[in-house]
Amino acid sequence: MIAIDGVELGNDMRERLLLALLIALTIGSTPLPVRGQSAPGWLDPYREPAARLIGEATGDTFAWRRLAVLTDSIGNRLSGSPQLERAIEWAVTEMKRDGLENVHTEKVMVPHWVRGSESAEIVEPARHQMVMLGLGGSVGTRPEGVQAELLTVHSFNELEAAGQQVKGKIVFFNVPYTAYEETVTYRADDPSRAARLGAVASLVRSIGPPGLRTPHTGSLQYTPDAPQIPAAAIPTEDADRLQRIADRGTRIVVRLKMEAHVEPDAESANVVGELRGRDRPNEIVVVGGHLDSWDVGAGASDDGGGCVVTWEALRIMKKLNLRPRRTVRVVLWTNEENGTRGGLAYRDQHRTELANHVMMLESDNGVFRPLGFGFSGSEAVRQKLRAIGTLLRGIAADAIVPGGGGADINPSTREARIPALALAVDESKYFLIHHTPADTVDKIDPVEMAKSAAAVAVMSYVVADLPERLE
Ligand SMILES: [Zn+2]
C-alpha cells in the first residue's frame, strides 16, 4: 500500500458538473440524424445514457487530477523500475476505491534496461556539450567513453555508399522528421546498419518535430548479424550545428559516454479491473492503455493519460449506476515501450476467452482534443460504430477513421480477429513531447482530457450493451 493523495470532488466542481449535465441532456435529447441518412432506431435508447456519461466526464477535471497524482507522486515508469511497481500498486488501490470489480494484477516478466549517466560532446573543431538521450536497449560505452570522427549521412543508401569510410567512425543519421512512421526506422535500425560497416557508435536526429532542444528517446532494434554499438538521439539544434560544421567541410570529433546496460528480467504486471456485465458477463469489451513509460519526463501523455481516460469509462459507468449487458474490462498493460510483453502476456493468459472479446480499444496517442476513433475491422462493424459515433457529435468526437488497434491490443485482436479501436485525437502536440523530458501533465488540457474520457465511456458502454454482439 502506498500513501498518495487521492482525488476528491470540490463544491465548485459539483456546480459545474450539474450545469454540464443539463447541457449534455439537452443536446442528447435532440434527435441527431446520421450524416446523409436517418439515425437507426436501435440508437435511441442510448441517447440518454450517452448524455449522462458525457455530462459526468466533462463536468469535472477528475481525470486530469488523477493523472497529475500519478505523474507527480510516482513519476516516470520504465519497465523494471520501482516507480512502475508503485504505479501498479497505486492503480490497484484506486480501482478498488472506485468500486471496480475483480481488480487484480496479472504477472508479466519484463526487460530491465538501465540508462545510467550519459553525455555527448563535440570535441573538435570546438568544444560543445550536446543534449542527448541514449536509445532504449542501447549498450553503454567504456567508462572513458568512445571518441571518434563523425560521419554524417541522410539515408541508408548514403550510408551504404560510404562503405569503407564508415569504419571506426561515429555515424550521425541526420534525417529531418516528417511523420513518426516514416522516420522511426532511423532510430530503430541505424545502429546495426552502421555497426555492420564498422561504425563504433551512432547518433540520430531525434524522431520528432523541432522543439526547444528536446531529445527524444525510444527503442532501438539490434540485429544478430552486427556488433552492438552505443546509440543516442540528439535534438534538432545539436543536429543542425553538426550539419553546419560538416557542410563547411570541417572535421568533427565527438565523444560519447554512456553507462547503459541490461539487467536480468524483472517481475511486473498488467492491472485489470472490471464492471461485470448484467446479462452476458462472459462477453467482454476491453479498454486500456500502457502504464509503463520511458524514464524521462513523467509519461503523462505516453501513456498515463491513455490509462486514466479508459479507466474513467468504468469509473463513470459505476458512479452513474450504468451497468451494460456485457463486461467492460480496463487493462493497464506493462512494458509497451521496450518489449510489449504486457500485450503479449494478455493474449497468452486470456487465450481461452479471446473469442468472447467483443471489442478492444486502446488509447495511446495522447489525450488531446478527441476526434473519434480509429477502427480496423469489417465494414458492417464500421457502420455500427459510425452510428454510435453520432452520440459524440456534441463534443465533436464522432469521426470513425482507418487505423484501429494499438501495440498492446494488437497481439490479441490479430489472433482472434477482434474489432480493434484506437482513441483518435489531435496529435499535433503529441510527437513534440513524445519520449522526451517534456512529457509532463502541464501539456495536457483538463477539458480535452475529460472529452477523451467521455468518448471512450460512450463508445465502450454502447458496444457493451448492444442487444446483438458487435460483428
Ligand atoms: Zn505509448
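Everything discussed here concerns the structure shown above.
Residues numbered from 1 in each chain as written. Predicted model: local features only at pLDDT ≥ 70, side-chain atom pairs only at ≥ 80, totals over all residues. Heavy atoms only, no water.

With that settled, the discussion passes to the overall build of the protein. If you tally the helices and strands in the protein, you get 14 helices and 16 strands. Whereas a compact globule of 471 residues would reach a radius of gyration of roughly 23 Å, the protein reaches 24 Å, a difference of no more than 12%. Across its three principal axes, the protein shows a C-alpha extent of roughly 70 × 50 × 45 Å. Here the protein contributes 52 positive and 62 negative side-chain charges, whose respective centroids are spaced 2 Å apart. (Helix = DSSP H or I, 4+ residues; strand = E, 2+ residues; numbered from the N terminus. Rg over C-alpha atoms; globule rule 2.2 N^0.38 Å. Lys, Arg positive; Asp, Glu negative; His and termini not counted. Charge placed at Lys NZ, Arg CZ, Asp CG, Glu CD.)

The next thing to look at is the pattern of salt bridges. For the coordinates displayed, the defined rule picks out 36 salt bridges. Ionic pairing is found between R280 and E283, a salt bridge with its closest N-O pair at 3.7 Å. The class of E283 is buried, set by a relative accessible area of 18%. The salt bridge partner of R329 is E353, with a shortest N-O separation of 2.7 Å. Of this pair, R329 sits in strand β12 (residues 326-333) while E353 sits in the loop between α10 (341-349) and β13 (357-362); the two residues are 24 residues apart in sequence, bridging distant segments of the chain. (Salt bridge = Lys/Arg side-chain N within 4 Å of Asp/Glu carboxyl O. Buried < 20%, exposed > 50% of the residue type's maximum accessible area, 1.4 Å probe, protein only.)

A word on the layout of surface pockets. Within this model, the largest pocket holds a volume of roughly 800 Å³. Residue lining of the largest pocket: 35 residues in total, with Y180, E336, D364, N365 and A407 positioned closest to the centre. Contributing elements (two or more residues each) for the lining of the largest pocket: α6 (180-188), β15 (399-402), α12 (410-416), β16 (420-425) and α13 (430-433). Looking at the lining of the largest pocket, the element that brings in the most residues is α6, giving 4 residues. Among the residues forming the lining of the largest pocket, the class breakdown is 13 nonpolar, 13 polar and 9 charged. (1 Å grid on protein atoms, 1.4 Å probe; cavity = no way out; pocket = protein on both sides within 12 Å on 5 of 7 lines; lining within 4 Å. Points joined across faces, edges and corners; volume = space filled by probe spheres on them. Nonpolar A, V, L, I, M, F, W, Y, C, P; charged D, E, K, R; others polar.)

Time to look at the coordination of the zinc ion. Those donors, H290 (NE2), D302 (OD), D364 (OD) and D364 (OD), are the protein atoms that reach the zinc ion, and they lie 1.9 to 2.6 Å from it. In this structure, the zinc ion is surrounded by 4 donor atoms whose angles at the metal cover 53 to 149°, and the resulting shape is irregular. For the zinc ion, the donor residues sit on a single chain with the sequence spacing H-x11-D-x61-D. Pair noted here: H290 is in strand β11 (residues 280-290) and D302 is in helix α9 (residues 300-319), with a separation of 12 residues, a long-range link. The class for D302 is buried, based on a relative accessible area of 3%. (Donors = N, O, S within 2.8 Å, 3.2 Å for Na, K, Ca; no water. Tetrahedral: all angles 85-135°; square planar, octahedral: opposite > 155°, others 65-115°.)

By the definition in use, this model includes 1 cavity of 30 Å³ or more. Quantified by volume, the largest cavity comes out at close to 40 Å³. Considered class by class, the residues forming the lining of the largest cavity number 2 nonpolar, 4 polar and 3 charged.

Among the 5 residues in strand β7 (residues 201-205), 5 count as buried, and that is most of the element. Across the two faces of β7 the burial is the same, with A201, L203 and R205 and S202 and V204 all buried. One ladder, built from 4 bridges, connects strand β6 (residues 170-173) with β7; its direction is parallel. What sits directly across from I170, in β7, is A201. (Pairing = 2+ DSSP bridges.)

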